[in-house]
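Take a look at the letters that make up each chain.
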Amino acid sequence: MLETTATPRNASLPPPLDTRYQVETPEGIDLPLRPAGLLVRTLAFTLDLGIRGLVLGILFIALGFFGEIGIGIGSILLFLVSWWYMVLFEVLNQGRSPGKQIMGLRVVQDDGTPIGWSASLTRNLLRFADMLPFGYFLGAISCLQHPAFKRLGDLAAGTLVIYREQSVKRPDLPPAVARSAPFALTLNEQRAILGFAERQPQLSNERTRELAAILAQPLHVPTAQATAELNGIARGFLGTT
């Protein structure tokens, strides 16, 4: 965590070093969110625009065979798709329209909770303001000026477009019999042994034996058995067999 020092009242503050957005949950836990910038949001919106255009194009071709009735139905569908496409996906698909899902984004409330109907309607109905005077000009300016990249619709609705956090799968450990360390190890020592076991597939045999010998010395493990012993201790830390 960065340390801060007192700054004179009339001095200008330096720009933030990152764009992390901290949210405190009711349980008192700090939840870091990563707001999405203008470029990736533009790509997501372009994808959604293309998907809507493709869907409407197919529907209009099919409805063209029904004459005036088809034109009337097409007008209704144009309204529904134009104004409800984003809202339905955001509320019913965890804040993800198809474009956002492809780009790894989602919309949430400012406090990190899922977006609701009223907030989604507000942020999408106010797109017309973001588009003024042309080509999302005001929306782009707002995104570039706001520390969390909010457009006008987000400011009014209290919403935030963030990157979806991807779950990280822990690497598989080499086969070994789980065992306990000969004495209590510090957290850093446990991390070193786990890191050694997890990185073995990326290391050469010579490098593996070299690192195992270094880690085994404080444990008083014979060098010849160091790799197997360390792998067993690593499995013991995770409770695997």
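Residues numbered from 1 in each chain as written. Predicted model: local features only at pLDDT ≥ 70, side-chain atom pairs only at ≥ 80, totals over all residues. Heavy atoms only, no water.

By the naming in an unreviewed UniProt entry, the protein is RDD family protein, taken from Pseudomonas sessilinigenes. Under the UniProt heading Subcellular location (unreviewed entry), the note attached to the protein is "Membrane". (UniProt positions renumbered as here; feature names shortened; annotations may be inferred.)

Draft legend 1. Geometry of helix H1 (residues 38-63). The end-to-end C-alpha distance of H1, which contains 26 residues, comes to 37 Å, matching closely the 38 Å that a straight helix rising 1.5 Å per residue would cover. Along H1, the residues that are buried comprise Val40, Arg41, Ala44, Phe45, Asp48, Arg52, Leu56 and Leu63. (Helix = DSSP H or I, 4+ residues; strand = E, 2+ residues; numbered from the N terminus. Expected span 1.5 Å × (residues − 1). Buried < 20%, exposed > 50% of the residue type's maximum accessible area, 1.4 Å probe, protein only.)

Draft legend 2. Inspection of the nonpolar core at higher detail. Grouped together as the largest cluster of nonpolar side chains are 16 residues, with contacts concentrated most on Ile193, Phe196, Ala212, Leu219, Leu230 and Ala234. Counting only elements with at least two residues in this core, the list comes to helix H8 (187-199), helix H9 (205-216) and helix H10 (226-238). (Core = buried A, V, L, I, M, F, W, Y, C linked by side-chain atoms within 4.5 Å.)

Draft legend 3. Quick peek at the packing of aromatic side chains. Taken as a whole, this structure holds 3 aromatic pairs when the rule is applied. Judged by centre distance (5.2 Å) and plane angle (65°), the ring pair of Phe45 and Tyr136 falls under edge-to-face. In this pair, Phe45 sits in helix H1 while Tyr136 sits in the loop between helix H5 (127-130) and helix H6 (137-145), placing the two residues 91 residues apart along the sequence. Their ring planes at 35° and their centres at 6.1 Å tell us that Phe134 and Phe137 sit as a pair that is tilted. The ring centre of Tyr163 lies 4.6 Å from the NZ or CZ of Arg34, which sits over that ring. (Phe/Tyr/Trp six-rings, centres within 6.5 Å; stacked < 30°, edge-to-face > 60°. Lys NZ or Arg CZ within 6 Å of the ring centre and 35° of its normal.)

Draft legend 4. Broad picture of the UniProt feature "transmembrane region" (unreviewed entry) in the protein. When the UniProt feature table is mapped to this numbering, "transmembrane region" (unreviewed entry) covers residues 43-63 and 69-92. As a span, residues 43-63 carries 100% helix and 0% strand, and end to end its C-alpha atoms are 30 Å apart. As a span, residues 69-92 carries 100% helix and 0% strand, and end to end its C-alpha atoms are 31 Å apart.

Draft legend 5. Fine view of the pattern of salt bridges. Scanning the model with the defined rule gives 8 salt bridges in all. Across the pair Glu210 and Arg207 runs a salt bridge whose closest N-O atoms are separated by 3.2 Å. Placement of both Glu210 and Arg207 in helix H9 is noted, with a separation of 3 residues, approximately one turn of the helix. Judged by relative accessible area, Arg207 falls into the partly exposed class, the value being 36%. Three or more residues are tied together by salt bridges with common partners; here these are Arg41, Glu90, Lys100, Arg123 and Asp154. (Salt bridge = Lys/Arg side-chain N within 4 Å of Asp/Glu carboxyl O.)

Draft legend 6. Quick peek at H9. With 12 residues, H9 extends 16 Å between its outermost C-alpha atoms, agreeing within 8% with the 16 Å of an ideal straight helix rising 1.5 Å per residue. Those residues of H9 not exposed but buried are Thr208, Leu211, Ala212 and Ala216. End-on, the buried residues of H9 take up no more than an arc of 130°, which puts them together on one face. Close packing links the buried residues of H9 with H8 and H10. (Arc of directions from axis to C-beta. Contact = heavy atoms within 4.5 Å.)

Draft legend 7. Representation of the confidence of the model for the protein in the model. Averaged over every residue, the pLDDT of the protein is 85; the share at 70 or more is 88%. Ignoring residues within four places in sequence, the model shows residues 1-17, a span with pLDDT below 50, making 2 contacts including any to other chains. (pLDDT = per-residue confidence, 0-100.)

Draft legend 8. Spatial organisation of the pairing of strand S4 (residues 159-163). The element S4 is largely enclosed, with a buried count of 4 among its 5 residues. Pairing between strand S3 (residues 105-109) and S4: 5 bridges, direction antiparallel. Across the sheet, Leu105 pairs through a bridge with Tyr163, a residue of S4. (Pairing = 2+ DSSP bridges.)

Draft legend 9. Structural view of unusual backbone geometry. Along the chain, Leu132 connects to Pro133 via a cis peptide bond; the corresponding omega equals -15°. In this structure, Gln94 is a non-glycine residue whose phi angle is positive, near 55°. With respect to the secondary-structure elements, Gln94 resides in the loop between helix H2 (67-92) and helix H3 (98-103). The backbone phi angle of Tyr136 is positive, close to 60°, even though this residue is not glycine.

Draft legend 10. Local environment of a nonpolar patch on the surface. On the surface, Ile76, Phe79, Leu80, Trp83, Trp84, Leu88, Leu92, Trp117 and Leu125 cluster together into a nonpolar patch covering about 890 Å² of accessible area. Broken down by element, the nonpolar patch gets its largest block of residues, 7 residues, from H2. Positionally, Leu125 belongs in helix H4 (residues 117-125). The exposure class assigned to Leu125 is partly exposed, which follows from its relative accessible area of 43%. (Patch = residues over 30% accessible without salt bridge, like charges linked within 9 Å, V, L, I, M, F, W, Y side chains within 5 Å. Areas by Shrake-Rupley, 256 points an atom, 1.4 Å probe, with all protein chains shown as cover.)

Draft legend 11. Layout of the environment of Asp130. Summarising the element assignment, Asp130 is placed in helix H5. With residues up to four places along the chain from it excluded, the contact list for Asp130 reads Tyr136, Phe137, Leu138, Gly139, Arg151, Leu152 and Gly153. Polar contacts involving the side chain of Asp130 include one to the main-chain amide nitrogen of Leu152, which spans 2.9 Å. (Polar contact = N/O pair within 3.5 Å; in protein donor to acceptor, adjacent residues only side chain to side chain.)

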